[in-house]
Amino acid sequence: MTARVGRRMPRRIAQLLVGLFLYGIGIAFIVRGEIGAAPWDVLTQGIANHIPLSFGVITILTSVVVLLLWIPIRQKPGIGTLLNALLVGPAADIGLALIPTGQDLWVRISFFVIGLVVLSAATGLYIGAHFGPGPRDGLMTGLHRVTGWRIWIVRTALEVTVVLIGWLLGGNVGIGTLAFALLVGPLCQYFMRVFAIRLPVRDAAPAR
């Protein structure tokens, strides 16, 4: 059993790293779509309007703040959690540097669709590697455990809060924000089935 798990480790590591890189690229496509960003990225955009730091750096700093919120709810990070906090932001900056802005509407809609699919596939890749949840999703599951509230209630409360703060700071809220909220769940669920690596229960880290 241990040998079999060991043989899977290179694939797990590759999935984690590729998934986190593609997650940042997916964010960049959605942002360049300019029809409304994902909830947490609305917050990042809003903060970027007031602080002279890149989107990616603000993403990292936000992740650090979110991880600090794990302490009072006694949520434990995995290596995937820490790498998520450190790598997604720089990947998003790379994507934002390469993907052009100010395109025609049909191009921007295409960017959004590409970004949504890439981000969902990336989620399936890195969650399927079983190295721990991302900072924001770990906060969600931790609050669910501590409060006893249903996951959808906790997630909705968190995302409405960050969207509202981001919007007040000047982040881009639009039809894309709503489309993301409605579609990302089913798409992530599909890709999680596609990319999941089967591990013995005792070896699997909590899913995102």
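Residues numbered from 1 in each chain as written. Predicted model: local features only at pLDDT ≥ 70, side-chain atom pairs only at ≥ 80, totals over all residues. Heavy atoms only, no water.

### Considerations on unusual backbone geometry
Point 1. The phi torsion at Arg74 lies on the positive side, around 55 degrees, for a residue other than glycine.
Point 2. In this structure, Arg74 sits in the loop between α3 (55-70) and α4 (79-98).
Point 3. Of note, His130 is a non-glycine position whose phi angle comes to about 60 degrees, a positive value.
Point 4. Turning to its location among the elements, His130 is positioned in the loop between α5 (105-128) and α6 (135-147).
Point 5. Residue His130 is classed as buried on the basis of its relative accessible area, which comes to 16%. (Helix = DSSP H or I, 4+ residues; strand = E, 2+ residues; numbered from the N terminus. Buried < 20%, exposed > 50% of the residue type's maximum accessible area, 1.4 Å probe, protein only.)

### Digging into the nonpolar core
Point 1. Of all hydrophobic cores here, the largest spans 29 residues; its most connected members are Tyr23, Ile27, Leu119 and Phe180.
Point 2. Contributions of two or more residues to this core are made by α1 (2-33), α4, α5 and α8 (175-195).
Point 3. The greatest single-element share of this core, amounting to nine residues, is contributed by α1. (Core = buried A, V, L, I, M, F, W, Y, C linked by side-chain atoms within 4.5 Å.)

### Things to note about helix α7 (residues 151-168)
Point 1. Between its first and last C-alpha atoms α7 spans 26 Å; for 18 residues at 1.5 Å apiece the expected length is 26 Å, and the two agree.
Point 2. Looking at α7, one finds that the buried residues are Val154, Leu158, Glu159, Val162, Val163 and Gly166. An end-on view of α7 places all buried positions within 150 degrees of arc, on one side of the element. α7 presents Trp152, Val160, Trp167 and Leu168 as exposed residues on the side facing more than 90 degrees away from its buried surface.
Point 3. Buried residues along α7 sit in contact with α2 (39-48), α6 and α8.
Point 4. Following α7 by one or two positions, Gly170 has its phi on the positive side, about 105 degrees. (Expected span 1.5 Å × (residues − 1). Arc of directions from axis to C-beta. Contact = heavy atoms within 4.5 Å.)

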